[in-house]
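Single-letter residue listing:
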Amino acid sequence: MKVIYISSEISPIAKVGGLADVSLGLGRAIQGLGNEVCVILPKYTCLKTKYLENLQLLDIEFKVPFAGVDYTVKVWKANLHGLNLFFIDPTKPKSFFDSPSIYGQRDDIQRFAFFSLAALEYISRYQSDVNLIHINEWHTALVAPLYAEKFKSKFDTKIMLTLHNMNYQGITGSTILKKVGLNQDKLRPVCRQGSTSKINLIKIGIHFSDYINTVSPKYYQEIKTPKNGRGLEDFVLENDQKFTGILNGIDYEIWNPKLDKALKWNYSRDQLENKYASKDHLREMLRMPQSRKTPLVTCICRLVPQKGIRMIKRAITHTLNSNGQFVLFGSSPIPKIQEDFENLQKQYSDNTNAQFIFNSYNEELSHQIYAGADMLICPSIFEPCGLTQLIALQYGTIPVVRQTGGLADTIFDIETHERSGEVGNGFSYLPPTQKALEQTLRRAFKTYFENPTLWKETIQRGMNMDFSWKSSALKYFEIYSKLVSK
Ligand code: ADP
């Protein structure tokens, strides 16, 4: 089977969050099952091309009509961890992708609408033997109606859409439909945003896709409720027959403490001594006081409301008051939140037990922090899947999480879970409150200080668990096969 992913991110060259890991990991896993796979992305000028192999400009060029203007598009090809990538590069009259960051431009909707159209145009000309096109988020949701209305007569394929986060739906004026050449009057009723005059790109993507999934089973149930459906709960229920939830995996060839080149000390579950050496090394790099007995807690995430901002702040204070050390790694696209954390950093400026690294993205350092920390917190208000807790497990770092979405599907409390002796791999709590987080951290610290045997067993159980793409990729492949054989 030939499968093409159309995505706005791929790790590590164009990464903002989990979507990037999924494009790479799922793509590689589906290829590993014997399929032909490639990924189509925008040719951002901010691509981290140092990770690519054989980046080359192909000898092809075509026109894409957008908003009444003919754009000249070139295509680049490269290889990343064995996957073929193709990059859409509009050159004239302007490039849509010459911004310093992947998202956050005023014309994001136009940039990705153009990308969706250009990717389909490229496929119809050069890759029309594709069996299945897999699109992601609102950024590429327009591929589904574009295929149905404009390209179906040119080649035969099926479309699957993955929703990584219902918080982002691509709500915009309906003229975007006209700009990509769709019939605005015909399609507006299908994708109207509530009673407004706007349209919703996720809605139109759901309507026209053959199959849709969220990135964990629990989140799939959650988006059918008003709290997490973000206004689309009824629409999801109406489309229930073509919806499912499939848990994300992580790529164990990339996230593997035994082989990880970003680490000074490699280790495995039977040889944890080097994990502690990694902790020493991290502290040395960050100029934090050395003491093996002191627990080191981390949080690695985009600092957005979804991630539980108040709870993250409370976790920092609680850790420092409990003789622990904290490394916060991430930054916020929201100026007020960023400022709050910078103020917290100032407050702790003479406390070397607290480190704030406001780096929007640094792949190697993230690996070193996963390896060096003892605990990782995810106090999310909601979490479609969450990858940081899965990476933490693999690196022997115990997750402390709120029971929501994919966090609830993957982390089982070592004290309160009914089968904790078999599956206990972390600490978790339900109420989205600072108090509940603090109580849970207190339990985690108590176990760390008073029961090193149980702590080590929990690390080893977590490292032993299989959250690779193996079983999830099979679930995707089963759906692809059913769609393609229809
Ligand atoms: P989301 O997609 O909501 O951002 P996920 O937990 O699904 O959250 O995925 C986050 C991914 O981004 C993980 O691979 C994590 O390691 C990575 N990440 C988060 N912050 C940073 C950072 N500052 N530098 C490098 N990687 C980061």
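Each value, and the rule that gives it
Residues numbered from 1 in each chain as written. Predicted model: local features only at pLDDT ≥ 70, side-chain atom pairs only at ≥ 80, totals over all residues. Heavy atoms only, no water. Buried < 20%, exposed > 50% of the residue type's maximum accessible area, 1.4 Å probe, protein only. Helix = DSSP H or I, 4+ residues; strand = E, 2+ residues; numbered from the N terminus. Pairing = 2+ DSSP bridges. Right-handed = clockwise from strand over helix to strand, strands pointing away. Near = heavy atom within 4 Å. Polar contact = N/O pair within 3.5 Å; in protein donor to acceptor, adjacent residues only side chain to side chain. Areas by Shrake-Rupley, 256 points an atom, 1.4 Å probe, with all protein chains shown as cover. Nonpolar A, V, L, I, M, F, W, Y, C, P; charged D, E, K, R; others polar. Domains from an automatic or database assignment. Axes fitted to C-alpha atoms, helices over the stretch in contact; angles between N-to-C directions. Contact = heavy atoms within 4.5 Å. Salt bridge = Lys/Arg side-chain N within 4 Å of Asp/Glu carboxyl O. Core = buried A, V, L, I, M, F, W, Y, C linked by side-chain atoms within 4.5 Å. Expected span 1.5 Å × (residues − 1).

1. Observations regarding the pairing of strand β16 (residues 398–402)
Counting buried positions over the five residues of β16 gives five, a clear majority of the element. Of the two faces of β16, the one holding Ile-398, Val-400 and Arg-402 and the one holding Pro-399 and Val-401 are both buried throughout. As paired strands, strand β15 (residues 375–378) and β16 are joined by four bridges and run parallel to one another. Note on β16: the bridge partner recorded for Leu-376 is Pro-399. The β-α-β motif built from β15, the intervening helix α14 (residues 388–394) and the parallel element β16 has right-handed crossover chirality.

2. A closer look at the site of the ligand
Taken together, 20 residues are adjacent to the ligand, and Gly-18, Arg-302, Lys-307, Tyr-370 and Leu-387 come closest. Within the contact set of the ligand, an oxygen atom lies 2.6 Å away from a backbone nitrogen or oxygen of Gly-18. Protein chains bury 93% of the 570 Å² of accessible surface belonging to the ligand in isolation. Split by residue class, the shell around the ligand holds seven nonpolar, nine polar and four charged. A domain-level breakdown of the shell around the ligand finds at least three residues from each of domain 1 (2–250 + 470–485) and domain 2 (273–466).

3. Details of the sheet that holds strand β11 (residues 243–245)
Read across the open sheet, the nine strands follow the order β3-β4-β5-β2-β1-β6-β7-β10-β11; overall the sheet is mixed. The open sheet has two free edges, formed respectively by β3 (53–66) and β11, since each of these has just one partner strand. Pairs of neighbouring strands in the sheet enclose a mean axial angle of 25°, with direction left out of account. Pairing analysis gives nine bridges linking β3 to strand β4 (residues 69–80), with the strands arranged antiparallel. Its bridge partner being in β4, Lys-63 is matched across the sheet by Thr-72. Along the sheet, helix α6 (residues 201–208) contacts β7 (158–163), β10 (211–214) and β11; its crossing angle with β7, the most-contacted strand, is approximately 140°. Of the strands in this sheet, β1 (2–6), β6 (132–136), β7, β10 and β11 are in contact with helix α19 (residues 470–485), which crosses β7 at around 150°.

4. Structural notes on the pattern of salt bridges
Taken as a whole and judged by the stated rule, the model has 23 salt bridges. Glu-383 serves as the salt-bridge partner of Lys-307, at 3.0 Å between the closest nitrogen and oxygen. Placement of Lys-307 in the loop between β12 (296–300) and α11 (309–321) and of Glu-383 in the loop between β15 and α14 is noted, with a sequence separation of 76 residues between them. Overall, Lys-307 belongs to the buried group, its relative accessible area being 14%.

5. Some words on the nonpolar core
Buried together is how nonpolar side chains tend to be arranged in soluble globular proteins. Counting residues in hydrophobic clusters, the biggest one holds 166 residues, and the most contacted among them are Leu-85, Ile-133 and Ile-316. In terms of residue count, helix α2 (residues 108–126) provides more of this core than any other element does, 11 residues in total. Each of two domains, domain 1 (2–250 + 470–485) and domain 2 (273–466), supplies a minimum of three residues to this core. Filtering out sequence-adjacent residues up to four positions away, Ile-316 remains in contact with Phe-326, Leu-328, Phe-341, Leu-344, Tyr-348 and Phe-356.

6. Details of helix α10 (residues 273–286)
An ideal rise of 1.5 Å per residue puts 20 Å on 14 residues; α10 measures up with 20 Å between its terminal C-alpha atoms. Within α10, 10 of the 14 residues are buried, which leaves it mostly tucked inside the rest of the structure. Buried positions along α10 lie against β12, β13 (325–329), β14 (354–357), α13 (363–372) and α17 (434–450). Remark: Arg-287 follows α10 within two positions and exhibits a positive phi of approximately 55°.

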